[in-house]
Amino acid sequence: MTSMGTLVFGRLTEAWRGEATDFTPLLVERLDQLGSAIGVDLAAAGQSEVKTTGGRRIDIVAQVEDGTEFVIENQYGRADHDHLTRGLAYAVARRARGLVVIAEQHRDEFRALAEYLNDLAAKDSERGISVWLVEVKAVRIGESPWAPLFTTVVEPNEFVMAVIETETKTNLTSLTEFLTACDTPEIRETVTEVVKEWDAAGHKRRLGPNHLVLEARGPSKRGLRTVVTLYTDGRVFVPFLSYAGWNSGIAVEPLTTVEFRRRADALFGFNGSEQQARTAPGWLEPDRVPQLMTFCFEIAEAYSDAPASTSPTMSD
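Throughout what follows, the structure given in this document is the object of discussion. Please read all numbers here as calculations on a predicted model, not as lab measurements.

Reading guide: rules and limits
Residues numbered from 1 in each chain as written. Predicted model: local features only at pLDDT ≥ 70, side-chain atom pairs only at ≥ 80, totals over all residues. Heavy atoms only, no water. Phe/Tyr/Trp six-rings, centres within 6.5 Å; stacked < 30°, edge-to-face > 60°. Helix = DSSP H or I, 4+ residues; strand = E, 2+ residues; numbered from the N terminus. Buried < 20%, exposed > 50% of the residue type's maximum accessible area, 1.4 Å probe, protein only. Lys NZ or Arg CZ within 6 Å of the ring centre and 35° of its normal. Core = buried A, V, L, I, M, F, W, Y, C linked by side-chain atoms within 4.5 Å. Contact = heavy atoms within 4.5 Å. Expected span 1.5 Å × (residues − 1). Polar contact = N/O pair within 3.5 Å; in protein donor to acceptor, adjacent residues only side chain to side chain. Salt bridge = Lys/Arg side-chain N within 4 Å of Asp/Glu carboxyl O. Pairing = 2+ DSSP bridges. Patch = residues over 30% accessible without salt bridge, like charges linked within 9 Å, V, L, I, M, F, W, Y side chains within 5 Å. Areas by Shrake-Rupley, 256 points an atom, 1.4 Å probe, with all protein chains shown as cover.

**Thoughts on the packing of aromatic side chains**
Part 1 of the argument: One pass over the full model with this rule turns up 12 aromatic pairs.
Part 2 of the argument: Aromatic side chains Y243 and F260 sit 6.0 Å apart centroid to centroid with 75° between the ring planes, which places their arrangement in the edge-to-face category. Taken together, the positions of Y243 in helix 9 (residues 240-243) and F260 in helix 10 (residues 258-268) put the pair 17 residues apart, joining distant regions of the chain.
Part 3 of the argument: Note on F260: relative accessible area 2%, which makes it buried.
Part 4 of the argument: Every member of this aromatic cluster is reached through a ring pair, and the members are F240, Y243, F260, F268, F270, W283, F295 and Y303.
Part 5 of the argument: The ring of Y231 carries the charged tip of R235 above its face, separated from the ring centre by 4.4 Å.
Part 6 of the argument: Between the NZ or CZ atom of R261 and the centre of the ring of F240, over which it lies, the distance is 3.9 Å.

So, in structure tokens, the structure goes:
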């Protein structure tokens, strides 16, 4: 007869001794699991332990594919005013899309405040801050390792509609428009040089609301796959999950090796844990063009050598 395990619930301190030393690093690695709980793709951990004014720190600043930020505050025990107000202040200052506060328990007054802020955000999506309150427990089966179990107790009612609205915004219509939107002349000059070399090699590109995607022919439904994405503020998005087949279902093996990741981390300044990784703003500089183009051409070559698939579910 097949045996049945017993699900054990515990306090976070039983599973991970230190909030900052143990739980926050774990959370960075499990952003996809947290994202599933709140209905947002939080695959990219931009920064952790981010300094704020007054010498305080924000636990995690995460990003989603369109480049917008989410501020994440977590704490053991019952949520307090300090974490909530610090997270809100930082989210407002950075014009973040939302604030996620994680605790073992949330007070009724905090739930009411979060619902109030979400109502305001629904009426003014440009200036409002969407708030998620998430409760977390440590769980395991028998003597297995502890795992976090996230439960969303407050979420923005209109958030899904806001996401749809963002996704349907009209893209930039020309490269000139994108270049005009670049933050500095240096970024504009760098993007111009990158595009010149990319076009000369016969590759494709497409524009989004605030970004420029470099594409290359490869196994996907459209026959094209993302290489990197450039933003007007000088950031570069490197989709490691896409290289591994997250969207298309087809992993490109040379782009999933430890050696490839090591070289990418060294070039872009990543720490090795990001799956949908973005550089710091202003990374795009003229003297980085040769290294960036070498990286992009390596991706394009790997795509062209990857085996095709007839799967009807493939995307880029």
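**With respect to the nonpolar core**
Generally speaking, a soluble globular protein has its nonpolar side chains buried in company with each other.
Part 1 of the argument: Membership of the largest hydrophobic core comes to 39 residues, with the highest contact counts inside it found for V191, V227, V228, V238, Y243, F268 and F295.
Part 2 of the argument: Breaking this core down by element, the ones donating at least two residues are helix 7 (175-181), helix 8 (185-200), strand 9 (211-217), strand 10 (224-231), strand 11 (236-239), helix 9, helix 10 and helix 11 (289-305).
Part 3 of the argument: Ranked by residues supplied to this core, first place goes to helix 11 with 9 residues.
Part 4 of the argument: Residues contacting V227, with those up to four places away along its chain left out, are W198, L214, E215, A216, P239, Y243, C296, I299 and Y303.
Part 5 of the argument: Ranked by size, the runner-up nonpolar core spans 26 residues in total, among them L26, V28, L42 and Y76.

**A word on helix 4 (residues 81-93)**
Part 1 of the argument: Here helix 4 is 13 residues long and its end C-alpha atoms lie 18 Å apart, about the 18 Å a rise of 1.5 Å per residue gives.
Part 2 of the argument: Within helix 4, burial applies to H83, L84, R86, G87, L88, Y90 and A91.
Part 3 of the argument: Of the residues flanking the start of helix 4, the one acting as N-cap is D80, its side-chain oxygen 3.2 Å from the backbone nitrogen of D82.
Part 4 of the argument: Looking at the residues trailing helix 4, positive phi occurs at R95, about 55°.

**Looking at the environment of L34**
Part 1 of the argument: Tracing the backbone through its elements, the reader meets L34 in helix 3 (residues 31-38).
Part 2 of the argument: Taking the C-alpha atoms as reference points, L34 and L149, 115 residues apart in sequence, are found 8.9 Å from one another.
Part 3 of the argument: Ignoring anything within four residues of it in the chain, the contact list for L34 reads L27, L42, I72, I102, V134 and F150.

**Things to note about the environment of V28**
Part 1 of the argument: For V28, the location among the structural elements is in helix 2 (residues 19-29).
Part 2 of the argument: The class for V28 is buried, based on a relative accessible area of 16%.
Part 3 of the argument: Between the C-alpha atom of V28 and that of L42, which follows or precedes it by 14 residues, the distance is 9.6 Å.

**Topic: the pattern of salt bridges**
Part 1 of the argument: Inspection of the entire model under this criterion finds 12 salt bridges.
Part 2 of the argument: The residue R86 makes a salt bridge to E73 at a minimum N-O spacing of 2.8 Å. With R86 in helix 4 and E73 in strand 4 (residues 69-74), the pair connects residues that are 13 residues apart, well separated along the chain.
Part 3 of the argument: Taking relative accessible area as the criterion, R86 reaches 12% and is therefore assigned buried.

**Details of the pairing of strand 11**
Part 1 of the argument: Here strand 11 shows no split at all, with V236 and V238 on one side and F237 and P239 on the other all buried.
Part 2 of the argument: Bridge count for strand 10 against strand 11 is 2 bridges, and the pairing is antiparallel. Bridge pairing links L230 to V236 in strand 11.
Part 3 of the argument: Hairpin connection of strand 10 to strand 11: 4 residues between the antiparallel strands, including G234 at a positive phi of 90°.

**Some thoughts on a nonpolar patch on the surface**
Part 1 of the argument: Taken together, L7, F9, I141 and L149 make up a surface patch of nonpolar side chains, about 390 Å² in accessible area.
Part 2 of the argument: Along the chain, L149 turns up in strand 7 (residues 147-154).
Part 3 of the argument: A residue is classified by how much of its surface remains accessible, and L149, at 38% relative accessible area, is partly exposed.

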